[in-house]
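# Commentary on secondary and tertiary structure
One letter stands for each residue in the lines below.
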Amino acid sequence: MNWKKIGLFLLLSLAIVFPLLVYVNKFYANSLSPNLNIWYLFSQYVSGTIGPIIALLTLCVTGWIAFEFNSYQKRQTTIQLFKEFRTEELRKSRSKAWEVKANWNDNTKSTYRQGFINSMIEETESCISGTPIDKEQIQAVFDLLAFYTMLSTYKHEGKTIRHLNYFYYAWWRKFLVEVATMYDTEREKNFNEEIITHKKKGFDSKCFLQSIKYVPKLKKLDNICGLTKLDNITSTYDIYIHNS
């Protein structure tokens, strides 16, 4: 039983009935009056008291319906986005990105991380200590970063995102934050000097670089998912323990 809705209904009913109770208490007669003038005065009283209340309630209900409809549309958009995330194309991207993640976390491949970041910056294939890095792997990581940074704009859909298993963000969070941190740093270092030092009026290089960084957007997604206090987590298990 939804007690909030019942309470709201009772409050609205009281708002409408109260002016009638006041009138009856003040001018109550033992019988209905046959005098049309008295009925006219009563109708004027009702239109002057209950009329504005009903108009205000109508406005509030219309606003509530619009808000609920907008929320419903956002939820449907988020659900549709989840369906797209589970398509075969993105599944293949996640599979390729998982290959990178496995090599990234392999302690025996100490030079792999920097090598992969360099490949991302240059967008070219390479081979690091015998481990190949192909364009599909690079594109797959870019696809994941793009998807999750886009998801970070859904700040009012945190509940829906959590109900949809965080869009599997738990499996990727630590890896993507590490990649994004290194990539943002290297990209800023290697960014076109002509653009960064350009003195054209109105160009704010610092603001521009900040806007294209991945890390701030992933932090926003952390906030949406309720993961802001888990900066030191090391596994998916830790995330679910903290959010259970």
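What comes next concerns the included structure. Predicted, not measured: the structure shown is a model, and the values here were computed from it.

What counts and what doesn't
- Per chain, the residues get numbers from 1 upward, laid out in the order the sequence is written.
- Residues qualify for local features only when their pLDDT is at least 70, as the model is predicted, and side-chain atom pairs are given and counted only at 80 or more; totals for whole chains, interfaces and linings, by contrast, use all residues.
- Side-chain calculation: all heavy atoms of the structure are included, whereas hydrogens and water are not.
- Within 6.5 Å between ring centres, the rings of Phe, Tyr and Trp (the latter by its six-membered ring) count as paired, and their orientation is classed by plane angle as stacked under 30 degrees, edge-to-face over 60, tilted in between.
- Here a strand is any run of E in DSSP of at least two residues, a helix any run of H or I of at least four, and the numbering for each starts at the N terminus.
- Burial status follows relative accessibility: with a 1.4 Å probe on protein chains alone, a residue under 20% of its type maximum counts as buried, one over 50% as exposed, and anything between as partly exposed.
- Ring-over charges, as used throughout, are those where CZ of Arg or NZ of Lys falls within 6 Å of the ring centre and within 35 degrees of the ring normal.
- Note on contacts: a residue pair qualifies if any of its non-hydrogen atoms lie within 4.5 Å across the two residues.
- Residue types Ala, Val, Leu, Ile, Met, Phe, Trp, Tyr and Cys, when buried and joined through side-chain atoms within 4.5 Å, form a set referred to as a nonpolar core.
- In this analysis, axes come from line fits to C-alpha atoms, helices being fitted only over the stretch in contact, and the angle between any two N-to-C directions falls in the range 0 to 180 degrees.
- Orientation labels follow simple angle bins: below 35 degrees gives roughly parallel, above 145 gives roughly antiparallel, 65 to 115 gives roughly perpendicular, and whatever is left gives oblique.
- Classes in brief: Ala, Val, Leu, Ile, Met, Phe, Trp, Tyr, Cys and Pro nonpolar; Asp, Glu, Lys and Arg charged; the others, Gly included, polar.

### A closer look at the packing of aromatic side chains
- Counted by the stated rule, this structure contains 16 aromatic pairs.
- A ring pair is formed by Phe 82 and Phe 167, whose centres lie 5.2 Å apart and whose planes are at 85 degrees; its orientation type is edge-to-face. With a gap of 85 residues between them, Phe 82 in helix α2 (residues 36–85) and Phe 167 in the loop between α6 (158–163) and α7 (169–190) connect regions that are remote in the sequence. No difference in accessibility class separates Phe 82 from Phe 167, as the two residues are buried.
- An aromatic cluster is built from Phe 82, Phe 85, Phe 147, Tyr 148, Phe 167, Tyr 168, Tyr 169 and Trp 171, whose rings are joined through pairwise contacts.
- Sitting over the ring of Phe 85, Arg 94 keeps its end group 4.4 Å from the ring centre.
- Its end group placed over the ring of Trp 98, Lys 101 keeps NZ or CZ at 4.6 Å from the ring centre.

### Points about the side chain of Arg 187
- Position of Arg 187 among the secondary structure elements: in helix α7.
- Once residues within four sequence positions are removed from consideration, Arg 187 is found in contact with Ile 121, Ile 212, Lys 213 and Tyr 214.

### Observations concerning unusual backbone geometry
- Despite not being glycine, Glu 123 shows a phi value in the positive range, around 55 degrees.
- Note that Glu 123 resides in the loop between α4 (112–122) and β1 (126–128).
- On the basis of relative accessible area, Glu 123 is assigned to the exposed category, the value being 53%.
- Residue Tyr 168 is not a glycine yet carries a positive backbone phi of 60 degrees.

### Considerations on the nonpolar core
- Residues Phe 116, Met 120, Val 141, Leu 145, Tyr 148 and Phe 167 are the most contacted members of the largest nonpolar core, which totals 40 residues.
- For this core, the secondary-structure elements that each account for two or more residues are α2, α3 (88–104), α4, α5 (135–151), α7 and α10 (215–225).
- Among the elements that line this core, the one with the most residues is α5, at nine residues.

### Here we look at the packing of α3 against α5
- At a minimum axis separation of 8 Å, α3 and α5 run at an interaxial angle of 110 degrees. Relative to α5, the element α3 is oriented roughly perpendicular. Seen from α3, the contacting residues are Ser 93, Arg 94, Lys 96, Ala 97, Glu 99 and Val 100; seen from α5, they are Glu 136, Gln 137, Ala 140, Val 141, Asp 143 and Leu 144.
- When its residues are assigned to classes, the contact of α3 with α5 shows five nonpolar, two polar and five charged.

### Thoughts on α4
- Within the sequence span of α4, burial applies to Tyr 112, Gly 115, Phe 116, Ile 117, Ser 119 and Met 120.
- Looking at the buried residues of α4, the elements they touch are α3, β1, β2 (131–133), α5 and α7.
- Of the residues trailing α4, Glu 123 is marked for its positive phi of about 55 degrees.

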